[in-house]
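# Fold and contact review
So the chains spell out like this:
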Amino acid sequence: MDWTLVASQDAFEALLAEHRGASAVAVDTEFMRRNTFYPQVALLQLCFADHAWLVDPLALHDTAPLVALFEDPATTKVLHSASEDLEVFDHWLGALPRPLFDTQRAAGVLDQGFGMGYRGAVEQAFGVTLDKGETRSDWLRRPLSDSQCRYAALDVAYLLPLYERLRADAEAAGKLPWILEEGEVACAGAGSRNPAYHLRVKSAWKLAPRQLAALERLCAWREDEAADRDKPRSWILDDKLCLAIAQAMPSSPAALAAAGEIPPAVLRRRGDALLACIAEARALPEAALPAPLPPPLDNDERKRLKALKARVRALAAAASVAPEMLLAGRDLELLLREARGLPINEPASWQGWRRALAIEPLRAALAEGAL
């Protein structure tokens with residue numbers, strides 16, 4: 001694979017002007033995220049035809065040409081396992097690559113392997129074993145070594161040939177719209193910020209509604225604080241402490257200090273903010289409190305879940321889709337809870353091709369007691 005390092009604004013603009021209107025471009029990034037909330041972009045790899053262009057983002061002062069490429073509906077953006085790259089682009093550019101063809105998800109839709117990494121996909125498709133030597137490299141250090149550049153170029157070298165194979169298979173199977181829809185759903189959910197992070201905290205289901213309201217506010221405060229300071233969430237306050245504070249519902253600095261092993265610096269600098277979150281939850285009228293989160297599935301529900309998984313495997317086999325790609329375990333748990341009459345937030349992925357293929361048939365089977 002031939003590659004060129006693009007380390008100036010002029011060269012960057014010339015590159016994108018030269019390839020304006022390309023039918024497809026392979027895209028990847030190298031980024032660092034050790035002690036930050038947001039990923040730090042360190043390198044952008046683009047591949048048009050059979051040449052890789054390694055763009056140094058540290059040398060750019062205007063990313064508008066890249067935004068224009070990402071927003072050009074005539075150029076398909078090809079990535080493999082795009083979620084982390086989308087997070088990079090969302091923060092760095094405020095733009096996302098659309099239309100997006102994710103080769104990892106395409107393989108799942110076509111039942112050619114689920115969750116396969118780029119190297120595994122290349123080896124399966126082309127019999128080529130790629131070097132892993134620079135996996136843990138410091139990509140922010142300059143200058144980049146030849147070894148780093150070769151590694152980065154190989155990360156996009158096989159993406160377009162892989163895309164061409166998968167696209168041909170998808171068109172033959174009538175599944176190209178499904179794959180592009182997957183890309184759109186991924187873009188819609190991209191970003192570091194999580195406005196409902198409290199739903200991911202382990203054991204949050206044990207909380208009473210007012211405690212859950214407190215946890216929601218604590219997690220929202222932490223999200224803002226982590227983003228503003230560009231530090232990992234756990235550096236601000238870890239999940240365990242958020243849960244402990246919500247359970248204790250402290251109303252004074254002394255009660256807050258007793259709620260858990262909160263670092264003294266956090267108590268000193270952020271104690272008032274934490275107590276304010278609790279006070280907001282205490283002041284909510286009963287009608288405004290969130291509903292309790294559902295507990296883990298009981299034995300009977302786990303038996304139904306097993307039957308549901310078997311039905312999903314049958315539906316997936318009939319449609320030649322990887323079962324894990326059709327519906328994840330969390331989707332099946334949501335369906336079970338919905339069947340019990342519990343309120344759920346329907347995921348965006350339940351729209352489109354999955355709805356007729358799996359969601360509605362499974363809902364009907366659950367309603368009829370067939371599962």
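Structural notes, computed from the coordinates. (Residues numbered from 1 in each chain as written. Predicted model: local features only at pLDDT ≥ 70, side-chain atom pairs only at ≥ 80, totals over all residues. Heavy atoms only, no water.)

So, about helix α5 (residues 118-126). When we look at burial in α5, the residues that qualify are Y118, R119, A121 and V122. The buried residues of α5 occupy an angular sector of 160° when the element is viewed end-on, so they sit on one face. As for α5, its buried residues are in contact with α6 (146-157) and α7 (159-173). In the stretch just after α5, G127 is the one whose phi turns positive, near 70°. (Buried < 20%, exposed > 50% of the residue type's maximum accessible area, 1.4 Å probe, protein only. Helix = DSSP H or I, 4+ residues; strand = E, 2+ residues; numbered from the N terminus. Arc of directions from axis to C-beta. Contact = heavy atoms within 4.5 Å.)

Moving on, we get to the sheet that holds strand β1 (residues 2-6). The 6 strands are arranged β1-β4-β3-β2-β5-β6 in an open sheet whose pairing can be described as mixed. Either end of the sheet is taken by a strand with one partner, and the two such strands are β1 and β6 (100-102). On average, each strand axis in the sheet is tilted by 25° relative to the strand beside it, whichever way the strands run. Bridge analysis of β1 against strand β4 (residues 51-55) gives 5 bridges, and the strand direction is parallel. Counterpart to L5 in the pairing with β4 is L54. Relative to strand β3 (residues 40-48), helix α1 (residues 9-18) is tilted by about 35°, and along the sheet it contacts β1, β3 and β4. Against the sheet, α6 engages β1, β2 (24-32), β3 and β4, with an angle of about 135° to β2. (Pairing = 2+ DSSP bridges. Axes fitted to C-alpha atoms, helices over the stretch in contact; angles between N-to-C directions.)

Let us look at the nonpolar core. The nonpolar side chains of a soluble globular protein tend to be buried with one another. Core analysis: the biggest nonpolar cluster contains 54 residues, and W139, L308, L326, L327, L335 and L362 have the highest contact counts within it. What L335 contacts, discounting residues up to four positions off in sequence, is L308, L327, W350, I359, L362, R363 and L366. Ranked by size, the runner-up nonpolar core spans 34 residues in total, among them I236, L243, L256 and V266. (Core = buried A, V, L, I, M, F, W, Y, C linked by side-chain atoms within 4.5 Å.)

Attention shifts here to the environment of V201. Residue position: V201 is located in the loop between α8 (176-188) and α9 (209-229). Relative accessible area serves as the criterion here: at 6%, V201 is assigned to the buried category. Taking the C-alpha atoms as reference, V201 lies 6.1 Å from D239; in sequence the two are 38 residues apart. In this structure V201 touches L215, C219, D239 and L243, once residues within four positions along its chain are discounted.

On to the pattern of salt bridges, then. Under the counting rule described, the total for this entry stands at 21 salt bridges. As a salt-bridge pair, E182 and R354 come within 2.5 Å of each other at their nearest N and O atoms. With a gap of 172 residues between them, E182 in helix α8 and R354 in helix α17 (residues 353-367) connect regions that are remote in the sequence. Neither residue differs from the other here; E182 and R354 are each classed as buried. (Salt bridge = Lys/Arg side-chain N within 4 Å of Asp/Glu carboxyl O.)

Look at the link from R98 to P99: it is a cis peptide, with omega at -10°. Within the secondary structure layout, P99 lies in the loop between α3 (83-92) and β6. Of the consecutive residues R142 and P143, the connecting peptide bond is found in the cis state with omega at 0°. Note that P143 resides in the loop between α5 and α6. Not every positive phi belongs to a glycine, and D111 is a case in point at roughly 55°. D111 gets classed as partly exposed once you look at its relative accessible area, which sits at 43%. For S203, which is not glycine, the phi torsion reads 70° and is therefore positive. Structurally, the position occupied by S203 is in the loop between α8 and α9. Owing to a relative accessible area of 26%, S203 belongs among the partly exposed residues under this scheme.

What is shown is where atoms sit, not what they do.
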